[in-house]
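Observations on the model geometry
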Amino acid sequence: DATIIDGKGFAADLRSGVAQQVQALKDQHGITPGLAVVLVGENPASQVYVRSKAKKTVEVGMESFHHHLDANTSEHELLDLVQQLNDDERVHGILVQLPLPDHIDEDKVIHTIDPQKDVDGFHLMNVGRLATGDLDNAMVPCTPLGCLMLLKDQLGDLSGKKAVVAGRSNIVGKPMAHLLLANNCTTEIVHSRTRDIAAECRDADILVVAVGKTRMVRGDWIKPGATVIDVGINRLDPEPGEEKGKLVGDVAFDEAKQVAGAITPVPGGVGPMTIAVLLANTVTATCRQHNVAEPARS
Ligand code: NAD
């Protein structure tokens, strides 16, 4: 059977590394990294994420600034707040929790964030830096960067490997493909219009799946020994007696683990990496803003 990749454990180690880096910034430079999280409205999932981000931010010794705005906040007011956070020296990272209410233009908000403080890596400046391979200056989106860290931990040098990314979203699929390319993989993106998606996947030494479709990738889509990273988070309907349905990925885990060399579980794989990388990105952003040597990341 496949090695089960322990994303939860890796994320815990990453957070303790971040906590040490934060302590060093305080001791050696008198700097406390600060992360501002902005939430607009009452989306319950967003509220859970934001609370969990704030808690973990404080746990690693950083300062957490929380701004919860009313659902009918105007775009203008939100842009003003972002500008204020851009100008605030205590704030090194700014995260605006998406989705935003319909009357607010998300792109406009993202592009108002100072690219150096854009710890989600969604500003076009950071997208462009990643796409041109300028990883020394890019802020890289958290989920794909977390996937890359797991892959490098598992496989070491990725040069020359055939990587297939399923899904082409701007948040996961595309930045993932750019990261793999930057790490010298022969990289392909497959998506909903791909002609024979199973055949393309079967060719992959590295298969990263981010499509949001319950157990879409079956065991016979996987090359024996391949490393499989399952980004999907899908909730099944509750079984009788269950309050909530189980969380499952985009890969049929029980089949896939009999074929793959290594695979991430859901939950406990990629999920916990996202917040840990957000904290790591905040340290990276802090170092760059203060011209301090930054810790090596993938
Ligand atoms: P998205 O809906 O924005 O993009 C999905 C992509 O999959 C699209 O590019 C689409 O072309 C492709 N796709 C859809 N149906 C397909 C099919 N039948 N065959 C092939 N490709 C298909 O989603 P996203 O934001 O990229 O997220 C993908 C999944 O990852 C979701 O389940 C989401 O919940 C999860 N996710 C997890 C984390 C995490 O922290 N672990 C972070 C972000 C997203």
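We now turn to the structure provided with this report. As the structure is a computational prediction, the values presented were derived from the model and not from experiment. (Residues numbered from 1 in each chain as written. Predicted model: local features only at pLDDT ≥ 70, side-chain atom pairs only at ≥ 80, totals over all residues. Heavy atoms only, no water.)

1. Side note on the nonpolar core
Rule in force here: Nonpolar core, defined: a set of buried Ala, Val, Leu, Ile, Met, Phe, Trp, Tyr and Cys residues in which side-chain atoms within 4.5 Å join the residues together. When a residue's accessible area, from a 1.4 Å probe over protein chains only, is under 20% of the maximum for its type it is buried; when over 50% it is exposed; and in between it is partly exposed. In this description a helix means any DSSP run of H or I spanning at least four residues, a strand means any run of E spanning at least two, and both kinds are numbered starting from the N terminus. Two residues qualify as a contact provided that any one of their heavy atoms is within 4.5 Å of a heavy atom in the partner residue.
Core analysis: the largest hydrophobic core is formed by 52 residues, its most contacted members being Leu151, Met176, Leu180, Val208, Ile229 and Val231. It is helix H10 (residues 271–289) that provides the largest number of residues to this core, a total of nine residues. Beyond its immediate sequence surroundings of up to four residues, Val231 is in contact with Thr143, Cys147, Val172, Val208, Val209, Ala210 and Val270. Counting 19 residues, the second-largest nonpolar core is a separate cluster that includes Ala166, Val217, Ala256 and Ala260.

2. Observations concerning the pattern of salt bridges
Quick reminder of the rule: Each salt bridge in this description consists of a side-chain nitrogen of Lys or Arg and a carboxyl oxygen of Asp or Glu lying within 4 Å of one another.
Counting across every chain of the model gives nine salt bridges. A salt bridge links Lys162 to Glu188; its shortest N-O distance comes to 3.4 Å. With Lys162 in strand E5 (residues 162–166) and Glu188 in strand E6 (residues 186–190), the pair connects residues that are 26 residues apart, well separated along the chain. Each of Lys162, Glu188 and Asp203 takes part in salt bridges that share partners, so that together they form one network.

3. Concerning the site of the ligand
For clarity, the cut-off: Any residue with a heavy atom positioned within 4 Å of a molecule or strand is treated as near that molecule or strand. Distance and chemistry together define a polar contact, namely a pair of N or O atoms within 3.5 Å, with one atom able to donate a hydrogen and the other to accept it when in protein, and with adjacent residues in sequence counting only for side-chain atoms on both sides. Here the open area of atoms and residues is found with the Shrake-Rupley method and a 1.4 Å probe, where only the protein chains shown may cover a residue.
Taken together, 20 residues surround the ligand, and among them Arg168, Ser169, Ser192, Ile233 and Thr274 come closest. Between the ligand and Arg168, the relevant distance is 2.8 Å, taken from an oxygen atom to a main-chain nitrogen or oxygen of the residue. Between an oxygen atom of the ligand and a side-chain N or O atom of Ser169, the distance comes to 2.6 Å. Its free accessible area being 850 Å², the ligand has 70% of it covered by the protein chains.

4. Let's talk about the sheet that holds strand E1 (residues 3–4)
In any sheet, the strands associate via hydrogen bonds between backbone groups, in a parallel or an antiparallel arrangement. Basically, it comes down to this: The rule for pairing is simple: two strands pair if DSSP sees at least two bridges between them. Angles here are taken between N-to-C directions and fall from 0 to 180 degrees, while the axes themselves are lines fitted to C-alpha atoms, restricted in helices to the stretch in contact.
If you trace the six strands from one edge of the open sheet to the other, you get E1-E11-E8-E7-E5-E6, paired in parallel fashion. Bordering the open sheet on either side are E1 and E6, each of which pairs with just one other strand. Alignment of E1 against strand E11 (residues 262–263), held across two bridges, turns out to be parallel. Each bridged residue has a counterpart across the sheet, and for Thr3 the counterpart in E11 is Ala262. Running at roughly 160 degrees to strand E8 (residues 227–230), helix H6 (residues 142–155) makes contact with E1, strand E7 (206–209), E8 and E11 of the sheet.

5. Concerning empty space enclosed by the protein
Selection criterion: In this analysis a 1.4 Å probe is tested at points of a 1 Å grid over the protein atoms alone, and where it fits but cannot get out there is a cavity; an open set with protein on both sides within 12 Å along at least five of seven lines is a pocket; lining residues have an atom within 4 Å of a point. Grid points are joined across faces, edges and corners, and a volume is the space filled by probe spheres set on the points. When residues are grouped by polarity, Ala, Val, Leu, Ile, Met, Phe, Trp, Tyr, Cys and Pro land in nonpolar, Asp, Glu, Lys and Arg in charged, and all others, Gly among them, in polar.
All chains considered together, the criterion is met by one cavity of 30 Å³ or more. The space that makes up the largest cavity amounts to roughly 40 Å³. As for the largest cavity, its lining consists of Leu95, Val96, Ile110, Ile113, Asp118, Asp120 and Phe122. Split by residue class, the lining of the largest cavity holds five nonpolar, no polar and two charged.

6. Topic: the layout of surface pockets
Quantified by volume, the largest pocket comes out at close to 1,500 Å³. Lining the largest pocket are 46 residues; nearest its centre among them are Tyr49, Thr143, Ile233, Gly271 and Thr274. For the lining of the largest pocket, the secondary structure elements donating two or more residues are helix H1 (7–29), helix H2 (44–59), strand E4 (93–96), H6, strand E9 (234–235) and H10. Looking at the lining of the largest pocket, the element that brings in the most residues is H2, giving seven residues. Along the lines of polarity and charge, the residues of the lining of the largest pocket split into 25 nonpolar, 13 polar and eight charged. When its volume is computed, the second largest pocket comes out at roughly 350 Å³. As for the second largest pocket, its lining consists of 17 residues, of which Gly121, Phe122, Val127, Asn170 and Ile171 are closest to the centre. Of all the secondary-structure elements, those providing two or more residues to the lining of the second largest pocket are helix H4 (106–110), helix H5 (124–131) and helix H7 (173–182). Here the element with the most residues in the lining of the second largest pocket is H5; it accounts for four residues.

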